[in-house]
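Listed below are the residues making up each chain.
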Amino acid sequence: LQMNPHFTFNALESISSFVMEQKPREAVQYLNRFAKLMRYTLEKADQERVELRDELDALSHYIALEQMRFDRQFDFVLEVDEDLDAGDLAIPPMLLQPLVENAILHGLRPLVGRRGCLTLRVLQAVEPGRLRIEVEDNGVGRGAASAQRTGDEGQKRSMATRILASRLKALSEATGKPFTLSVADLDEGTRVVLALPNDEVWGS
């Protein structure tokens, strides 16, 4: 449940850069979002479930920070099924952030020659009582990302993937309900699909 410590260091460096470049408005905006994200992490990370709406709000802060840090090099699109109410649904906290982080750092950051786009979709799954969440980017793809990574960078991503897989397995065993993750290579970029129980906030 710990966010990548490098993100914290990078965030502080970004704030410092805005100050040094005499961009006080950007520095304040960045600091406000960073503070809200850190507060959410501290307050929610040890809870079993949180409102999907709160998780999406926290993700929007994280993504906005990365957009500012990378000089607005990519867009963000959020699509929520009109039949779903994010305020009525609950998911384990910080479940989506590693997927979004991978999409930004390894898919969109290395992109050259076209504008990046990160799309997050929250959908009704085909199976009853299931939720489907997609994290899609139009980035360089897994093959190119693997070729461009240094040893340390590759290890960090592999570790994040292993930790998430272990967490999903533990959630499945604890709840008796399947939590599954799949990855698809697109013509441009990657789509990661997380399928999980459609739990209501006040449900058992």
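Residues numbered from 1 in each chain as written. Predicted model: local features only at pLDDT ≥ 70, side-chain atom pairs only at ≥ 80, totals over all residues. Heavy atoms only, no water.

## Details of the overall build of the protein
- Across its full length, the protein holds six helices and eight strands.
- Counted from the first residue to the last, the protein has its helices and strands arranged as α-α-β-α-β-β-α-β-β-α-α-β-β-β.
- Among the 204 residues that make up the protein, the fraction classed as buried is 44%.
- Total accessible area computed for the protein in this model is approximately 11400 Å², and 50% of it derives from carbon and sulfur atoms. (Helix = DSSP H or I, 4+ residues; strand = E, 2+ residues; numbered from the N terminus. Buried < 20%, exposed > 50% of the residue type's maximum accessible area, 1.4 Å probe, protein only. Areas by Shrake-Rupley, 256 points an atom, 1.4 Å probe, with all protein chains shown as cover.)

## A word on helix α4 (residues 97-108)
- Given a rise of 1.5 Å per residue, twelve residues ought to cover 16 Å, and the 15 Å separating the end C-alpha atoms of α4 matches this to within 8%.
- A large share of α4 lies buried, amounting to twelve of its twelve residues.
- Those residues of α4 not exposed but buried are Gln-97, Pro-98, Leu-99, Val-100, Glu-101, Asn-102, Ala-103, Ile-104, Leu-105, His-106, Gly-107 and Leu-108. (Expected span 1.5 Å × (residues − 1).)

## Overview of the sheet that holds strand β1 (residues 50-51)
- The antiparallel open sheet is built from three strands, whose spatial order is β1-β3-β8. Each end of this open sheet is capped by a strand with a single partner; those strands are β1 and β8 (199-200).
- Sheet topology places strand β3 (residues 89-91) next to β8; two bridges connect them, and they run antiparallel. Among the inter-strand pairings, Leu-89 is bridged to a residue of β8, identified as Glu-200. (Pairing = 2+ DSSP bridges.)

## Topic: the packing of aromatic side chains
- Considering all chains together, one arrives at one aromatic pair under this definition.
- Aromatic side chains Phe-18 and Tyr-30 sit 5.9 Å apart centroid to centroid with 55° between the ring planes, which places their arrangement in the tilted category. In this pair, Phe-18 sits in helix α1 (residues 5-20) while Tyr-30 sits in helix α2 (residues 24-44), placing the two residues twelve residues apart along the sequence. The burial state of Phe-18 is the same as that of Tyr-30; both residues are buried. (Phe/Tyr/Trp six-rings, centres within 6.5 Å; stacked < 30°, edge-to-face > 60°.)

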